[in-house]
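# Architecture at a glance
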Amino acid sequence: MLTTLAPDTGRSGKPRPVPVRRGNHFRKQTATNYLLIAPALLLSIVIVVIPGILTLLFAFTNWSGIGFNFDFVGIQNFQDIFADPVFATSLTNNIKWLVLFLVIPVIVGLLTAALLLRRKKMRTFYQVIFLMPYVLAPVVNALVWQTIIYNPNGGVFGLFGLQPPTSSQSTSLYAAAAVDMWHYWGFLTVVYLGAMRQTPVDQVEAASLDGAGGWGVFRHVYLPSIRPTLLLMGVMTVIFSFLAFDYVYLLTQGGPAHSSEVMGTYAYAFAFSSFEFGKAAAVGLIMSFFGLLASVLYTWISRRDLTR
Amino acid sequence: MRTYFRATISHLVLAGFAVIALIPLVLVLINSFKNNSEIYGNPFTLPTSLSFDNFVTAWTYGKFAQGFINSILLTGTTVVVVLVCAGLAGYVLAVQKVKSWPIIMIYLTMAMTVPIQLFIFPLYSVIAGAGLTDNVFVVGVILAAINMPFATFLMRTFFLNVPVEIEEAAVMDGLNTIQLVTRVLFPMVRPGLITVGVIVGLNAWNEFLISSTFLQDSSTKTLTLGFLTMNGTFSTDIGTMMAGALILIVPILAVFIALQRYVVDGMASGAVKG
């Protein structure tokens, strides 16, 4: 793996000089550098990786989460989960969530970014407004929507005589997804706009001289130019869609009657409502599997950037 | 004429989306000053008088004074730990002075996408077993570890833009690696440190899953968790809920608007988790 990587200094300007004095001094310098990188790696390994490996282990036990008394139960947890209709609902809801997020925020983000490209003066103003929901806490966003918009008594829905969408089985998932998307799309606008602005100006001018209109320039110049960003954000969306938790938990708790349950809330209920940490670990493992697929894809797509 | 027409349309579309982003926030603002009978009439009407009663109730019952202190301690812990560790790691990865740097980069990419649900259950058990739940500093360090990979990547790109010559000159002057990084390079990547600090700070301030799991005691609850506990008691008292929301929204938007350049740059330069 290592040997296949082309040596590259990765910095502009002069190539990095080869250290002349080897031996003691060089070894000491390497040690210092490992010392500098150690705190970041150690924190990540102790807090994320080791408990992650434990989850892998506990998924095959009947661990209750209290103390470390448990028996290995083989694939019993997975058999129970796959036989549970709520798990099927959760997985389906995660996939619906993924489709919604791959379509609506992407279209809105691309449209607004493309329009902002030409509005040089107002660009910052709009970006700041679009990002406002994004920088606020999910707790705040969810409670604001629940209290003043979805509320049948005194909220906007009540004003129009509508039932709250969070308490109907057919709309609960979409009610939670709507708030999450409202908070998220502005972020995509900013990322897409940042990528579009990297497009070489001469390409845009050449296309305009060839008689391409606004749509033509967008379709044939900007869209291909931001393809890596679109792909990357798409992969990120896949990962986060399988991990959706905050807005569902805050707005519907997965209800009514599990209609808006996603794998995140399903796992959380196992751990902290029924103290079946073994099953929670198993669901966590299944969620991570989807994330891992996307993560491998992501690492693969960005491998050139990483080793540059 | 045609370009004028187009510009108008594009302004209208952008303004439309701005309205979508802002309407819920405007509703919070106007209803936080209204009493409940006014709100039940119509949430869109402006308040008839400026009453601050709702704010006093929200501040008291949401335990916002304690919440602010806890949120500041938690966020401060996360930001300091991330800036120190990710700053140093970002430097090492930028200058590639350790042979295993490609492996470390791949490790960090994988770590960035590890879901919280993969490690939260055993982590909670260990932390609870050690009696370290209900401690904002512990949660601050956990959130630092989660933000570390992304912060390291972002710091690395900032270090990549420092000219090699500056580093060489410093080494000529006889500075060792640690002096070079802390005295010469950290001041040069200050915009990077601010960008990472603001984004990581917002993440920590707003975080829900880890904080709500590890901070159960009312004396250790962060600002957002304190606001959440109001939901049960005040769910029919819309004015108080909106006042509470406004108290949480205003400081964050003020910080965001003051530092928007760094936030927007940071987001535009790399994918940020959220």
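Residues numbered from 1 in each chain as written. Chains lettered and ligands numbered in written order. Predicted model: local features only at pLDDT ≥ 70, side-chain atom pairs only at ≥ 80, totals over all residues. Heavy atoms only, no water.

### Describing the overall build of chain A
Secondary structure summary: chain A contains 14 helices and zero strands in total. Scanning chain A from its N terminus toward the C terminus, one meets helices and strands in the order α-α-α-α-α-α-α-α-α-α-α-α-α-α. Counting only residues that meet the buried cut, chain A has 52% of its 308 residues in that class. Of the contacts formed within chain A by residues at least 6 apart in sequence, a portion of 67% connects residues at least 24 apart. (Helix = DSSP H or I, 4+ residues; strand = E, 2+ residues; numbered from the N terminus. Buried < 20%, exposed > 50% of the residue type's maximum accessible area, 1.4 Å probe, protein only. Contact = heavy atoms within 4.5 Å.)

### Considering the overall build of chain B
From N to C terminus, chain B includes 14 helices and zero strands. When the helices and strands of chain B are placed in sequence order, the string is α-α-α-α-α-α-α-α-α-α-α-α-α-α. The principal-axis extents of the C-alpha atoms in chain B amount to approximately 75 × 70 × 35 Å. Taking all 274 residues of chain B together, 56% fall into the buried category. Taking the intrachain contacts of chain B between residues at least 6 apart in sequence as the baseline, contacts between residues at least 24 apart amount to 74%. Only carbon and sulfur atoms are counted for the fraction: they give 69% of the accessible area of chain B, which is about 11000 Å². One finds the centroid of the 12 positive side-chain charges in chain B at a distance of 9 Å from the centroid of its 11 negative side-chain charges. (Areas by Shrake-Rupley, 256 points an atom, 1.4 Å probe, with all protein chains shown as cover. Lys, Arg positive; Asp, Glu negative; His and termini not counted. Charge placed at Lys NZ, Arg CZ, Asp CG, Glu CD.)

### Here we look at the interface of chain B and chain A
Counting residues at the interface gives 105 residues for chain B and 112 residues for chain A. In total, about 9400 Å² of surface goes out of reach between chain B and chain A, with carbon and sulfur atoms giving 76% of it. Area buried by chain B at its contact with chain A is led by B:Leu14, B:Phe121 and B:Phe208, which between them contribute 8% of it. At the boundary of chain B with chain A, the tally comes to zero salt bridges. Joining chain B to chain A, the criterion identifies nine residue pairs in polar contact (both at pLDDT 80 or more). Among the elements that line the side of chain B that touches chain A, the one with the most residues is helix H1 (residues 2–31) of chain B, at 17 residues. Considering only residue class, the side of chain B that touches chain A consists of 77 nonpolar, 20 polar and eight charged. (Buried area = accessible area lost by both parts, 1.4 Å probe. Salt bridge = Lys/Arg side-chain N within 4 Å of Asp/Glu carboxyl O. Polar contact = N/O pair within 3.5 Å; in protein donor to acceptor, adjacent residues only side chain to side chain. Nonpolar A, V, L, I, M, F, W, Y, C, P; charged D, E, K, R; others polar.)

### With respect to the side chain of B:Thr195
Relative to the helices and strands, B:Thr195 resides in helix H10 (residues 190–206). Beyond its immediate chain neighbours, meaning those up to four positions away, B:Thr195 contacts B:Leu154, B:Phe158, B:Tyr262 and B:Gly266.

### Looking at a nonpolar patch on the surface
A cluster of nonpolar side chains, contributed by A:Ile95, A:Val99, A:Leu102, A:Val103, A:Ile104 and A:Ile107, occupies part of the molecular surface with about 490 Å² of accessible area. Following the sequence through the fold, A:Leu102 ends up in helix H3 (residues 85–118). (Patch = residues over 30% accessible without salt bridge, like charges linked within 9 Å, V, L, I, M, F, W, Y side chains within 5 Å.)

### Description of unusual backbone geometry
All names here are of chain A. In this model, Gln-253 sits at a positive phi of 50°, which is unusual for a non-glycine residue. With respect to the element layout, Gln-253 can be found in the loop between helix H11 (246–251) and helix H12 (263–272). At Phe-275, a residue that is not glycine, the phi angle is positive and equals roughly 50°. With respect to the helices, strands and loops of the structure, Phe-275 is situated in the loop between H12 and helix H13 (277–301).

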